[in-house]
Structures are given as C-alpha cells and as structure tokens.
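# Analysis of the macromolecular model
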Amino acid sequence: MRRRTIRTAAAVVGLAALMIGAGGCAANPGDGVTTIDFFQFKGEALEDFTEIIAQFEAENPDIRVVQNQVADAETLIRTLLVKNRTPDVITLNGNGNFGKLAEAGVFYDFSDEPVLETINPGVQDILEQLGNAPGEVNSLGYVNNANGIIYNRALFAEQGLEVPETWDELIALCDTLVERGIPPFATSLAENWTAMPSWNGIGAYATQDGFFDAMRSAGENVGPDAPASFAQQLPETMERQAQLFAYSQEGYRGASYDDSTALFARGGAAMMLQGIWALSPVKAVNPDIDAAIFPYPVPENPDDRMLVSGVDVTVTMARDTPRKEEALRFIEFLFRPDVIERFAASQTMVPSVVGAELGDDPALESIAPYFDSGRITGFIDHQVPTAIPLTGIVQQFLYDGDVDGALRTLDNEWRKVAARTITPAEED
C-alpha cells in the first residue's frame, strides 16, 4: 500500500508540474539541458515509462523528460489544448475521442518522419479510421490489444477440443461443452461495458467497406431507406451475440466482471468473451493458467477471419512545440525495437514496430499471425459518437432479446446526434 501511495503522489506531483509548466519548458542556460513534458495516460505503465525515461536520459544527457500521468487524461488534455499548453510528447488511448482531437489539427504531422515507416501499416490504418487532420498522420500506434475469445488451452486439450474456425464449429463446440457439464463461457452483465467486446468482435465483419462513412454521410437521414443503417446491417450481429451469451454460466446477468474472470481462472468455464486485457485479472487469480485467444469465427471462409484490435497506446506530440528536435528524439527512442519490446511484454500487448519480438505469453503467440498478415481491424464502437448510449442499449438487448428494438433505437439515436452536429456545409 505504501508503494502505491508513493506512486500516486509522484503522479500528482507530475500533474502539478504539467499544469504549471506545460508549454514553458526550455533549455536550462546553466547546464544546456532541455526539459520536455511527457504526458501519458496509463497508470499501470508508470513504472515502465519511468525505466524508459531513465535509459533515454542516460543515453541523451542533454534532454530531461518529465513524466506526467493522470487518471482522467482525456479531460485534462482537452483543457491543456484549450489553454494552448500542449505537452511536448503525448500518449493517449487510440479511441474515438482521440480521433476527434487529431482531426482538429492540434497534433504534429508525422507523414515525413522515418519512424512512421517502422510501424505496422495495419496499426496505422486503425488510427486513420479514427481520424487525422486532412492529408496528415497525427499519431503513431505504439502497442495494440486484441479482442477475441479467450480459451483455456489446458481444458481444451484435456477434453480433446479444437479451436473453432467457423461459426458452426463454435456453436458445435459450445453444445459439446454443455453436454459435458462445462459452461462454455464465463460472462457478466452487471457492468454494461462487458457486453461490448463481443459486439465489437462479431460486428466488425458487418461494418467493413465504408459502413460508418455511409452512416456519417446519411447523418440524420439514417433509416430503412438510407444507404446504411444499424437496422439494415447488424441484425445478424445482435442475434449471434445473444446466441453466445445463452451459453453463459448460471446467473451471468447479475455477475460482475471480477466474478467472470475468477470463474474462468478457476476452470469454471472454457472461454471468455473478452480481450487480452482480461488476462491480467485472470492471472491474478490463477497465475498458472494456460490461456490463449482466437478471433470470432464469423465468416464462412476461415481465411477471411480478422482480429479486432485497438491501439491501446498511441504516441503523438504538440504540433508547434519549440522542442521539436528533442521530442522527436524521445519518440524515436520509444519506438526502438528493444525499448518497445520490453514495454509491450510488460503490458501484455503487441508492439507496433514491424519485426519487434512478442512477449512469451501464449495469448500473444496465438494472435501474432493476424498482426503479421495485416488481418486486423479496429473497434467499431470507436466509430459511434459518444453521445449515443451504445453500451446501455447493447446491455439492455442482452436482457430482453429485442433485436429490432435495439437497432431502431441505435438508428434513432444516430439521427438525433447527427441533427445536432451536422454543419451547413455537410448539408449541401
């Protein structure tokens, strides 16, 4: 507890330094050292970045890096942007909110930077779908997560089960597990967000080929007669999601996320409808569990399977920082293979740099082929405006099973948001 208190205090001190000093750091005339602000959002990465900074400063004695880590990073970064006090180097989660900031043109354009050429193009494609300023590349994907079906490899081997490659094989697997008295899935619905990984994983296939571009173009006209709508595109997604939840353990609707991870960790279910982030709480209960991940086997052709992945950490920098040379030097160091490999392994993530080695976790090994071949795609909920209560709608659907009602509600909410946000130029 004391160690955690010290860490928290350090983060608070860093925050205070950021609020006071962001935009004002400069070379110390006495020692020739330039100080740069490093704003990062992951509390669990505080020690990892502390070690990285120490190594960087040892190799670059003319630069000092001040790490500032805060809990509500998205709110604070918006505040700093409004005050024109953008930190020099920034990490944020690659989500829809980040995409909106990037579209606003407040971040540096990395289009001509050599470091961009070292990054997996599939990772950068995910960020591009979220948003950039026109014609620019405003962030660099650092490490990625993986959203699929987690399975207990030891249990599968003990039961003589194979990883399914098609939807019919997945359902047959679930039926076999039920016959043998083993709950196929450990799930939970007490928190609404736990419904979203499977919605993203299944729905990714139905929303390829510009679906959300068509939705944005339709705006407040989204509906049965529009080129695209939730009601047209996602009925099968919702039906399949409900089908999988029906194979959950008894009492799953009232179970918490902690309940479901503990159940899976103890061998009480064969699989989880969660991503790689769930392995940390699972291993906190059972450090010796042998678990891996496979993508949702939605397409008829197994070769068409994709892994849904989010850019867990993306790196960017202030557009007009006067410390551009020092900031870029630090960013290039972050993307050095030995540095990113160590960070990714510690965080159980996939490094973005082409050729970087994965950690030795079996879950990482099971998803590596999808990154290597570029068969990755982003979270579709990142494309849905945050004003739409998506998680609550999906959770309610899993309670009542009303596919048509849920999709009509999503279309209606999209129309309402579009009516408030569409610009006159877009109307033309």
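Residues numbered from 1 in each chain as written. Predicted model: local features only at pLDDT ≥ 70, side-chain atom pairs only at ≥ 80, totals over all residues. Heavy atoms only, no water.

### Notes on the overall build of the protein chain
Filter applied, for reference: Helix and strand labels come from DSSP, where a helix needs a run of H or I of at least four residues and a strand needs a run of E of at least two; each type is numbered from the N terminus. Relative accessibility thresholds used throughout: buried, under 20% of the residue-type maximum; exposed, over 50%; partly exposed, between the two (1.4 Å probe, protein chains only). The contact definition used throughout considers only heavy atoms, calling two residues in contact when any of these lie within 4.5 Å. In these tables, accessible area is a Shrake-Rupley quantity obtained with a 1.4 Å probe, and a residue counts as shielded only by the protein chains included in the view. Neither His nor the chain ends contribute to the count of charged residues, in which Lys and Arg are positive and Asp and Glu negative. Think of each charge as sitting on NZ of Lys, CZ of Arg, CG of Asp or CD of Glu.
From N to C terminus, the protein chain includes 19 helices and 12 strands. In terms of overall dimensions, the protein chain has C-alpha extents of about 75 × 60 × 40 Å along its principal axes. When the 428 residues of the protein chain are sorted by exposure, 55% land in the buried category. Restricting the contact set of the protein chain to residue pairs at least 6 apart, pairs at least 24 apart contribute 77%. In the form shown here, the protein chain has an accessible surface area of approximately 18,600 Å², with 48% of it arising from carbon and sulfur atoms. Computed over 29 positive and 63 negative side-chain charges, the separation of the two mean positions in the protein chain equals 7 Å.

### Some thoughts on the sheet that holds strand β6 (residues 185-186)
Going by this rule: For two strands to be treated as a pair, DSSP must find no fewer than two bridges joining them.
In spatial order, the strands read β6-β7-β5-β8; together these 4 strands make up an open sheet with mixed pairing. Each of the sheet's edge strands pairs with one partner strand only, and the pair in question is β6 and β8 (291-294). Relative to β8, strand β5 (residues 149-152) runs antiparallel, the two being bridged by 4 bridges. Its bridge partner being in β8, asparagine 152 is matched across the sheet by alanine 291.

### Points about the packing of aromatic side chains
This is how the line gets drawn: Stacked, tilted and edge-to-face are the three classes assigned to paired rings of Phe, Tyr and Trp, where Trp is represented by its six-membered ring and a pair needs centres within 6.5 Å; plane angles under 30 degrees give stacked, over 60 edge-to-face, the rest tilted.
In this structure the tally under the stated criterion is 19 aromatic pairs. Among the aromatic residues, those joined into a ring-pair cluster are Phe38, Phe49, Phe56, Tyr142, Phe330, Phe333, Phe335 and Phe343.

### Topic: a negative patch on the surface
The test is simple: What makes a patch is a set of residues exposed beyond 30% relative accessible area and free of salt bridges, joined within 9 Å when like-charged and within 5 Å when nonpolar (Val, Leu, Ile, Met, Phe, Trp, Tyr). Here a salt bridge means any side-chain nitrogen of Lys or Arg lying within 4 Å of a carboxyl oxygen belonging to Asp or Glu.
Negative charge collects at one region of the surface, where Glu162, Glu165, Asp168, Glu169, Glu300, Asp303 and Asp304 lie side by side. With respect to the secondary-structure elements, aspartate 303 resides in the loop between β8 and β9 (307-308).

### Quick word on the nonpolar core
Quick reminder of the rule: Among buried residues, the Ala, Val, Leu, Ile, Met, Phe, Trp, Tyr and Cys ones that are joined through side-chain atoms within 4.5 Å form a nonpolar core.
Of all hydrophobic cores here, the largest spans 78 residues; its most connected members are Phe39, Leu92, Tyr142, Phe330, Phe335 and Ile367. Within the second largest apolar cluster, 58 residues are counted, among which are Cys174, Ala218, Tyr247 and Leu410.

### Remarks on the environment of glutamine 249
The topology assignment puts glutamine 249 in the loop between α11 (235-245) and α12 (257-265). Considering only alpha carbons, one finds glutamine 249 and valine 178, 71 residues apart in sequence, at a separation of 10 Å. Discounting residues that sit within four places of it in the chain, glutamine 249 has contacts with Pro183, Phe185, Ala186, Thr187, Ala255 and Leu263.

### A few points about helix α3 (residues 73-82)
This is how the line gets drawn: The arc in question is traced by the directions running from the helix axis to the C-beta atoms.
Of all the residues in α3, the buried ones are Ala73, Leu76, Ile77, Leu80 and Leu81. Looking straight down α3, one finds that the buried residues subtend no more than 140° of arc, so they occupy a single side. Of the residues one or two after α3, asparagine 84 is the one with positive phi, at around 60°.

### Notes on the packing of helix α2 (residues 46-59) against helix α14 (residues 324-334)
Let me state the cut-off plainly: Angles shown run from 0 to 180 degrees and are taken between the N-to-C directions of axes, each axis being a line fitted to C-alpha atoms and, for helices, limited to the stretch in contact. Each angle receives one of four descriptions, namely roughly parallel if under 35 degrees, roughly antiparallel if over 145, roughly perpendicular if within 65 to 115, and oblique otherwise. What makes a crossing left-handed is the near helix being turned counterclockwise from the far one by less than a right angle; a clockwise turn instead makes it right-handed.
Two elements in contact, α2 and α14, have axes whose closest approach is 11 Å; the angle formed by their N-to-C orientations is 120°. Our classification of the angle between α2 and α14 gives oblique. For α2 against α14, the interelement crossing comes out right-handed. For the pair formed by α2 and α14, the contact residues are Phe49, Ile52, Ile53, Gln55, Phe56 and Glu59 on the first element and Arg329, Phe330, Phe333 and Leu334 on the second.

### With respect to the pairing of strand β4 (residues 140-144)
Successive side chains on a regular strand alternate, one facing one side of the sheet and the next facing the other. With 5 of its 5 residues buried, β4 lies for the most part within the structure. The pairing of β4 with strand β10 (residues 311-317) spans 4 bridges and is classified as antiparallel. Residue valine 143 lies in a different strand from β10, and its bridge partner there is valine 313. In this structure, β4 lies alongside strand β11 (residues 350-351), joined through 2 bridges in antiparallel fashion. Residue pairing across strands places asparagine 144 opposite valine 350, the latter belonging to β11.

### Structural notes on the pattern of salt bridges
If you walk through the whole model with that rule in mind, you get 14 salt bridges. Of the charged contacts, one joins lysine 42 and glutamate 44 as a salt bridge, the two residues approaching to 3.0 Å between their closest N and O atoms. Take glutamate 44: its relative accessible area is 54%, and that puts it in the exposed class. Shared partners join several salt bridges into a network, and the residues in it are Lys42, Glu44 and Asp312.

### Side note on the sheet that holds β10
In spatial order, the strands read β2-β1-β3-β10-β4-β11; together these 6 strands make up an open sheet with mixed pairing. Two strands in the sheet have a free side with no partner beyond their single neighbour: β2 (63-69) and β11. Bridging between strand β3 (residues 89-94) and β10 involves 5 bridges; their strand directions are antiparallel. The partner of leucine 92 across the bridge, within β10, is threonine 314. The strands touched by α3 within the sheet are β1 (34-40) and β3, with β1 carrying the most contacts at an inclination of about 135°.

### Some points on the side chain of serine 309
The line we're drawing: Here a polar contact is taken to be a pair of N or O atoms separated by no more than 3.5 Å, where protein atoms must pair a possible hydrogen donor with a possible acceptor and residues adjacent in sequence count only if both atoms sit in side chains.
The topology assignment puts serine 309 in the loop between β9 and β10. Here asparagine 145 takes part through its backbone oxygen, which lies 2.6 Å from a polar atom of the side chain of serine 309. In this view, serine 309 contacts Ile126, Asn144, Asn145, Phe371, Ile376, Thr377, Gly378 and Phe379; residues no more than four positions away in its chain are not counted.

### Considering the environment of leucine 170
Structurally, leucine 170 can be placed in helix α7 (residues 167-179). If we skip the residues at most four places from it in the chain, leucine 170 touches Ile149, Pro164, Phe185, Leu244, Met271, Phe294 and Pro297.

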